[in-house]
Amino acid sequence: MKKAFLFITLLLISVWMFAQSAEKLMNCHFNNVSFEKFCNEVFQETGVRVFYQEKWVKNLKINLNANNITAKKAVSIAIENTGLKVSEWNNNLVILPDTRLITSLPPYHPETANEGSIPENTQKMTATEERYLIGRKPDVIHTIKVGYEGGPLTNGKASILGRVMDEETGEPVNFATCYVEETKTGSISGKNGFFTLVLKPGNYTVTINYMGYQARKYMLDILSGGKFIVTLRKTVYQIQEFVVHGDRQMNVTQKDPGIDKISMRSIKQLPMMMGERDILKVSGTLPGIVSTGEGSSGLNVRGGGSDQNAFYINKVPIFNTSHLFGFFPAFNSDIIKDFSVYKGYIPAMYGGRLSSVFNIMTRQGNMKRFTAHGGVSPVAANLEIEGPIKKDVLSFIFSGRSTYSDWILRRVKDPTISSSSANFYDYTGELSYNAQKTQMSLFFYHSYDHFRLSTLDDYNYSNNGASLDISHNLTNSLRADFSLIASQYGFTTIDQEQLPSAYKQAYKMGHYEVRADFTKTISNYNTLNFGGDAVLRQLDRGNVIPYGTESLLIPVALGKEQGFSGSLYLSDTYNPSPVLSITAGLRYTLYSPLGPSTVYNYVPGMPVDSRYVSDSVTYGNNVPIHWYSEPDVRAAVKYQTDENGSVKLAFNQMHQNLFMLNNTIAISPNVQWKLADSHITPSKSNQISLGVYRTLPKSGMEASVEIYYKEESGYPEFKDGASFLDSPHVETEVLQGKEKGYGVEFLLKRSNKRLAGWLSYTYSRSFMMVNGGQTWNSINNGETYPSNYDIPNVVNLVMDYHLSRRVTFSTIMTYQTGKPITYPVSVYYIDGTPYLDYSKRNAYRIPDYFRTDVSMSIEGNLKRHKLVHSSFVLSVYNLTGRKNPYSVYFNTSDGGITGYSYSVIGVPIFTVTWNFKLGNYASE
Amino acid sequence: MLAFSSCVKIYSPKIEGADLNKYVVSGQITLGEDTQTVNVSLTSSINKPTYIPLLGCTVHILDNKDNTFPLVDMGNGDYSTMIDPKYMVPGKAFKVVVIVPDGDSIVSDYDTLSVVPPVDSIYYLRKDIVSPVPYQSKVGIQFYLDFKGANSDSRYYKWNVYETWEYHAEYPLEYYYDGTVHHIFPPDYSKFTCWDTRKIPEVFTLSTENLSQNVYNNIPLQYVDNKTPKLANGYSMLVEQLALSKEAYDYWDQLRINSTQQGGLYEKQPIVIKGNLRDITHPDKEVLGFFGAASASFKRIFISQVPGLTLNYVIPCTTIVLKRGYIMIPPSAYPAALMASQNGPLPIWLSQICVNCLLQGGTNVKPSFWPN
């Protein structure tokens, strides 16, 4: 008996990994099959394992036909009259001769009822201690059997569908790497945690890893095609894995120079303006990404404009990514699960923006238990609730955030400010359904902002988004993903600064998309991605109407427009050898603006101006106006030079059909978007980049260098003094030009140490040229000038120092060359008043930017049994109070010439934020 | 929050001035003024802003009916003439031709004369500007203009505003010392009361192009605070309302935008202002300025006192107590004014500005429009 228990115990070591219920229903159709095969089938159907000794069931043949019975019932019917008994144990089944398993221990009352502490941190071990312990610990590797004898094989190989789940929350883990040591190949889990391996039957050692989780090693005993599930456990200690960039494990199959990832857990401790964690601002510390400045949500990626970046949250495009003029992010950081930035090689499934893709995926609700998190900062509070609706099958998550910042405004002496108000809120919700072959999620997002400047201005804007996503494993090697996506952005502006010309404008934009994405794993060396999307965009630029009784403004209808784009893409990743990987893809888009529309034609050779309209053409509803064909070629080659380094080369082509109408550097809260039309053509970019990545194992450092060169054409610049409220014909205000950029980006990163963080340095240039051959269609006389985002030198240092398990110090230091500016170079006098004559565009620079932020985070006590765990983050933004100029300008209206510099944040800002969660320090 | 943490400070960046001087031509034909003046000058470096007049040019104004009006060099870069109003009819267009001493010919586009309505009304309102920065807080009055035009009038306007105010020296001259003490009786008040006139340097423009009526109210003009003596003894302002062509309006409005940059978050590129002048000898040389044709109407108001406004200005007058007697006054300072009392001179030396209002820049000739 003892022997049997020991045997079972050994077998059961791997049992905890399986999260399926023995109560799960299955259909049984067995005719004279062996017990072993029967048990394999049970496992395939329900995920429930059956444990037994082979000799007990040697001669047993199973005949069973039944629908909708539990695994336990099926097994108990199968072993009827054999003298064996089945027991449930951790959602699996154990067969014992004549005995049932005792599943719970008798109640135990400890003499000392003190609350225990979570065991001390192994992080405090010295490296020598660690080596000593690890060297003497038997390396326990669990074996997972996949498939069964005589099961399905293709060309002698088995297609295996694996899935990675979070042990604690039951959430799938995306982007986990699965590395097969024997073949030196690997795979990365996609959405819903699935990955595919194609292997010959046999034994393999696989390592599953993802940042923020403990890596796990398994033996795979592959008999045939089949499925298996593994779980990963979050690292108990908040280890500071900020960015996986050129990470060795990731490198196994990532071929993307310029993909950056930030772990949300790591940014919790970073100092942030007003305590609101902003993943977009943190991304601005990565090489090649520059934040436009305080009070602006704009990001300039590799010298591109801020409308060249696409932001997706669960596939929903977001058109205004900030609250309150860009001071706060429009996304609640606490629900973000994965954040990726693509700036070098952009996968063929994405298109439509020239510079980059920011892809945010939110957490799914906890599949195991209810929990809640929250936080309070001086300006806003947030709360998240999540939990299962049906355990392991259906879960929900809801998050909400709202501000109460008016109290700060009230304290300002300026009566215009103190009689103003600023409000924002956002909420998201998601339902996730998880079955064996199909996963579904329904996601919605809403954000709203309202700002009133005394009685002068009133803005509100909102984003609404929803997506329905259905993923299905058609076979073990073919996965499909179908999505319905809708996103809306709109604002209303009331401007009463001049009563006789006071106006109101309401703007709306809708994005409606259907898409299908497929991943076909042909072999471990060859993966195919293909799919397509169809997008309808509807813009209503609204009417500018007089506001108030005194306004004499003539209403202007800015008009509606719509555009359709359809894309197909195909991309193949091929690894001809373990050290070489090639990805080549093509994305082809057809785009047309659609009627109803009246298009003006202008006299050739004359300025595009209402004075030179030659005739007009009217298009009916949904009639295509002008088809544009937009082929995008994407290619990347990665070569692994040795076990610690790799080189990647990528070519990337993009098209853009949607622009921001913005002639200021910052993005104003009432920014309009405009589709490419028959006058304003889509813009296009070509980028080539080369990256070298190395890990320095001794020091725990990772280093990378990337260089790039890119050219854009057809990028819109706006004429001096352009107004987007006067006329529906935007073409009269726009000139299209060429942009050219190049740069080199360095990153040095250290993780998993007491002192960790990264240092990045970027040297880059960005130039514009708008030359139509005439003065009226050229800027800067047609000569090349530095673009508004030409910031040659950028240095960022992000550091965390873990003083103890409960106290962490963090700092962010940023240095940037000053922005380009057009300065006056000479003075002339008319009627005794001086006026300024300006230099060539952007010929000068404002003073350099330097800022230091610090924070200290203090975790609550480490008691194991408690209802709520809380933590505090104390942070100081702009510690030195340096008055970094945002702009430099000159005023001559008082008869003299006075230069001024304007700083958005010229003082240190101190904030305390309180965060809480249900459970103890370690719970998620 | 922005106002809470943001800050604006005076800043002088290092700018390499342009080494070449561009030609600047400005002027206009004004229906309603006696003298027509065109000014020709050169630009100066931003580091040394100075007015550089260009003398010795040949300047002609031409109309589109083949009439030519030569202008006379008045010095200081000004070229003037009188044109008979019969030539200045709304609808007619004018241009200027300038031949500079280097031989380059500068020509403007034609600009068309429009119709101007009379100035409707000018008024002021008490307005206090409260700012979190103490020295930026102000107490004073804001002037406004209401505009009313007929539909046949121009839709584009610019206003020139001239302010005149009376001010006083601290004392009349009664005693002075130049080795001996002199007594003037009755005291000399001739340099006690002065008047100063200044053109408000701000550009005020209006377009009613997008409005349903050719009407606009509450157009803010200048702000006068209580820290100047302007409102102490009477204040007069003259508004010259100029009806412009669209081209002239665009030019002046862009100039206004460039000279009143506000900085801030939503800052724009300065506008490259293109005037209507070309150097036809060297077409690649840029010429700054604008030559226009405008019709003018005028209105003047007078304010003797602003009720409820407490003035708080400093009179520029320094006094030195002569402890050791008049001998302390150096002969280079003769004649030195002395403070008077009922019993004769006091041993207190008054600086010249205390008894001579002309030293503050004004004139002691009472303007003809000044009320008695």
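**Q** I'd like a description of the sheet that holds strand E20 (residues 215–225) of chain B, backed by residues and values.
**A** Residue and element names in this part refer to chain B. Reading across the sheet, the 3 strands line up as E13-E14-E20 and stay open at both edges, with antiparallel pairing between neighbours. The open sheet terminates on both sides in strands that have one partner only, identified here as strand E13 (121–129) and E20. The mean angle between the axes of side-by-side strands here comes to 30°, regardless of whether they run parallel or antiparallel. With 9 bridges connecting them, E13 and strand E14 (residues 138–148) associate as antiparallel partners. Residue Ile122 lies in a different strand from E14, and its bridge partner there is Leu145.

**Q** For helix H3 (residues 71–78) of chain A, give the residues involved together with the corresponding values.
**A** All names here are of chain A. All of the buried residues in H3 are Ala71, Lys72, Ala74, Val75 and Ala78. The arc enclosing the buried residues of H3, seen along the axis, measures out at 160°, which places them on a common side. Buried residues along H3 sit in contact with strand E1 (25–34), helix H2 (35–46), strand E2 (50–51), strand E3 (61–70), strand E4 (84–89) and strand E5 (92–97).

**Q** Can you break down unusual backbone geometry residue by residue, with the values?
**A** Residue and element names in this part refer to chain A. Cis geometry is found at the peptide bond from Gly595 to Pro596, where omega equals 5°. Within the fold, Pro596 resides in the loop between strand E35 (580–594) and strand E36 (597–602). At Ser454, a position not held by glycine, the phi torsion is positive, near 45°. Along the chain, the position of Ser454 falls in the loop between strand E27 (438–453) and strand E28 (457–475). For Asn842, which is not glycine, the phi dihedral falls at a positive 55°. Residue placement: Asn842 occurs in the loop between strand E51 (833–838) and strand E52 (844–845).

**Q** Now, about the confidence of the model for chain A: what can you tell me, with residues and values included?
**A** For any part of a model where pLDDT is low, the fine detail of the predicted coordinates should not be relied upon. Residues and elements named next belong to chain A. Residues of chain A with pLDDT of at least 70 account for 88%, and the chain-wide mean is 82. This model gives residues 134–138 a pLDDT under 50, and the stretch forms 0 contacts once residues within four places in sequence are excluded. Here residues 237–258 is a poorly scored stretch, pLDDT under 50, and it has 78 contacts once near neighbours within four places are set aside; other chains count.

**Q** Explain the nonpolar core residue by residue, including any values.
**A** Counting residues in each nonpolar core, the largest one holds 87 residues, and the members touching the most others are Val25, Val38, Val98, Tyr157 and Leu244 of chain B. When near neighbours in sequence (up to four residues on either side) are disregarded, Tyr157 of chain B contacts Phe147, Thr205, Leu206, Gln241, Leu242, Ala243 and Leu244 of chain B. Counting 55 residues, the second-largest nonpolar core is a separate cluster that includes Phe331, Ile360, Tyr569 and Tyr785 of chain A.

**Q** How would you sum up H2 of chain A? Please name residues and give values.
**A** Residues and elements named next belong to chain A. Its 12 residues give H2 an end-to-end C-alpha distance of 16 Å, which sits within 8% of 16 Å, the value for a rise of 1.5 Å per residue. Three or more residues of H2 are buried, namely Phe35, Phe38, Cys39, Asn40, Val42, Phe43 and Thr46. Where H2 is buried, its residues contact E1, E2, E3 and H3.

So, how was this worked out
- Residues numbered from 1 in each chain as written.
- Chains lettered and ligands numbered in written order.
- Predicted model: local features only at pLDDT ≥ 70, side-chain atom pairs only at ≥ 80, totals over all residues.
- Pairing = 2+ DSSP bridges.
- Helix = DSSP H or I, 4+ residues; strand = E, 2+ residues; numbered from the N terminus.
- Axes fitted to C-alpha atoms, helices over the stretch in contact; angles between N-to-C directions.
- Buried ≥ 20, exposed ≤ 12 C-beta atoms within 10 Å, placed from the backbone.
- Arc of directions from axis to C-beta.
- Contact = placed C-beta atoms within 7 Å.
- pLDDT = per-residue confidence, 0-100.
- Core = buried A, V, L, I, M, F, W, Y, C linked by C-beta atoms within 7 Å.
- Expected span 1.5 Å × (residues − 1).

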